[in-house]
Amino acid sequence: MSKQASNEPAIVMEHVSKNFKVLNRREGLSGSIKDLFSRDYKTLQAVSDVSLTVGRGEIIGYLGPNGAGKSTTIKMITGVLEPSEGKIMVNGVVPYQNRTRNSEQIGVVFGQRSQLWWSLPLIESFNLLRDIYLVEEKEYKDMLELYRSLVDLEPILHKPVRQMSLGQRTLSDILAAFLHNPAIVFLDEPTIGLDVAMKSKIRDLILGLNAQKKTTVILTTHDMGDVDALCKRVVIIDKGKKIYDNDMDHLKTFFGSYRTLRMRLDGEDEWTERVIDENKTDVMKEIEKTQKEHKIKDIQVQEISTEEIIKKIYEG
Amino acid sequence: MNLKRFAALTKAGIQESLQYRLGTAVTLFSNLIYLALVYFLWKAIYASSGKDVVRGMTFEDTMIYLILATALFNFLEQFIVWDMSRSIQSGKIILDLLKPMKYRIYTFWSYSGAHVVQFFLTFTPTFIIVCLLTGGAIHIGVNLLFFVLSTVLALVVNFNIEMLVATLCLYTESTWGINIVKETIVLLLSGVSIPLAFFPETIRGIVSILPFRAVYDIPLTILLQKNGADQLSGLLPMLGMQLCWVVILTIAGNLFFNHAVRKITVNGG
């Protein structure tokens, strides 16, 4: 792999847009019949004028609400979709012009789907991927050795994928994506549906692989725990436009004047939470106001969580 | 292209197929029922015609042809249309599109292992039983070699037809109707359900130049040494026709798929 060969960025996107043509559907049965002959298309812009540079070995969180254009972007970078406008370079390759070549240098994990062979033991899937990606025997052995040092491989290696728990399967899928030592790995909601312990195991694995192999990781997720644990930088898009691209630390200072005020009122077991912008309202005033009506048993003032920040950004 | 990739996919396909022992047993059993039906149907047809030889075929000829056609059908049958439409709906197709191989080639070799298993588990036993029961009605010689060659070509033609229909479903986003139409056409025009000899002259003329015959009728004709297939002069045009369809359909299928894949929008995710 030419991964270490150059100092160029792993991914460069310049003013990339993607439009889809969609038929305007009409209502009702008669509408459906009319639609058969309709040429009434509208253009949807899924991604509009996005520029992005991702360096080698970076882990970036690519965030946005549902339907923001995240998967469309990923599909363009992986070469499945061709951008309507703009240029993309992935590790020196134009992905949509050379999808096969691009596939050799990327790995993908989609939390909801598995690329493993359903009825075969995991090791068979690994061997198959080794042959499909033409991985040298020595590199393959080294990689399995690395996997063994990061996770407890033995219990799952000879287990058919269909008998695995979701956590084991996700873990296996991540290992499968890194197997050919790709320059870039795309992780699409890798921890979806997993329990807390498994989530942290998966995050440790991703960090470990990134540190050992200097793999660039593009993470899309709705779980801010993933972002906190893995990403130094986040890119947020909404309605196809890039609205934020900076460090995690900057994200916090950006909303630095926000505090989460948690209060437990008398007679209630639950905490009441409120996000307060200190530039507008004083935390003390808020407490006073509450105190006039209720008896407060307990108070906490916290820095705003990533989850709250992202929510604020999504809501504009 | 690297042979290691193909061999690996074939091997995985064999391993996967062998996981489904029960499925194979059920196929064999349902075949027996189907063949019983075929037997009584044609027995009645021959009885009502009042002749021993219809269109140059005796009852025994017809039965041998149809039994082997059924065995061949089970061996060559593919479910690409179903599988592909399912993986489009689930969005899983993106994982296959992102393999470092051309999607069509990847798909072809993914299926190859299942064919190997079916060849040994359904076709070969059926063939041996027919040979034993009919006692010398099937010539055993160099025709077996040509039959294998012809079957490989048939496999590629069949794959291309499946793939073309599957690609068509990329546009329509509905599968069921199109697939039923395809199955009916293939079953009727390839000779699997009715030997082509029984077709009226004009229809037979049209059918003989269509690609469906290249899937079942030609390999069987070569195996049974009918229509001059025992001579090179009869054999070569048949193999030539199959080869022509392999070339035409592969090129057409490639162009069509490459065009279609640019249009697809993979669901969800």
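Residues numbered from 1 in each chain as written. Chains lettered and ligands numbered in written order. Predicted model: local features only at pLDDT ≥ 70, side-chain atom pairs only at ≥ 80, totals over all residues.

Tell me about the sheet that holds strand β1 (residues 11-23) of chain A, and name the residues and values.
Residues and elements named next belong to chain A. With antiparallel pairing, 3 strands are arranged side by side in an open sheet as β2-β1-β4. Of all strands in the sheet, those with a lone pairing partner are β2 (41-54) and β4 (85-90), marking the two edges. Each neighbouring strand pair of the sheet contributes to a mean axis angle of 30°, computed without reference to strand direction. In the sheet, β1 pairs with β4 via 5 bridges, with the strands oriented antiparallel. Bridged to E14 within β4 is K87. (Pairing = 2+ DSSP bridges. Helix = DSSP H or I, 4+ residues; strand = E, 2+ residues; numbered from the N terminus. Axes fitted to C-alpha atoms, helices over the stretch in contact; angles between N-to-C directions.)

Quick one: what's the story with the domain arrangement of chain A, residue by residue and with numbers?
All names here are of chain A. Per the domain assignment, the segments making up chain A are domain 1 (11-252) and domain 2 (257-315). Its C-alpha centre places domain 1 at a distance of 36 Å from the equivalent point of domain 2. Mapped by element, the contributors of at least two residues to the side of domain 1 that touches domain 2 are α9 (224-230), β8 (233-238) and β9 (241-247). At 3 residues, α9 tops the list of elements feeding residues into the side of domain 1 that touches domain 2. Tallied by class, residues from the side of domain 1 that touches domain 2 come to 8 nonpolar, no polar and 2 charged. (Domains from an automatic or database assignment. Nonpolar A, V, L, I, M, F, W, Y, C, P; charged D, E, K, R; others polar.)

Could you give an account of the interface of chain A and chain B, with specific residues and numbers?
Chain A puts 24 residues into the contact, and the matching count from chain B is 23 residues. Sorting elements by how many residues they give to the side of chain A that touches chain B places helix α4 (residues 122-132) of chain A first, with 4 residues. Taken together, the residues of the side of chain A that touches chain B sort by class into 10 nonpolar, 7 polar and 7 charged. (Contact = placed C-beta atoms within 7 Å.)

Break down the nonpolar core for me, with residues and values.
Residues A:I60, A:I184, A:L219, B:L68, B:A69, B:L72 and B:V157 are the most contacted members of the largest nonpolar core, which totals 123 residues. In terms of residue count, helix α7 (residues 142-172) of chain B provides more of this core than any other element does, 13 residues in total. Every residue in contact with B:L68, bar those within four places of it in the chain, is listed here: B:T126, B:F127, B:V130, B:L220 and B:L223. (Core = buried A, V, L, I, M, F, W, Y, C linked by C-beta atoms within 7 Å. Buried ≥ 20, exposed ≤ 12 C-beta atoms within 10 Å, placed from the backbone.)

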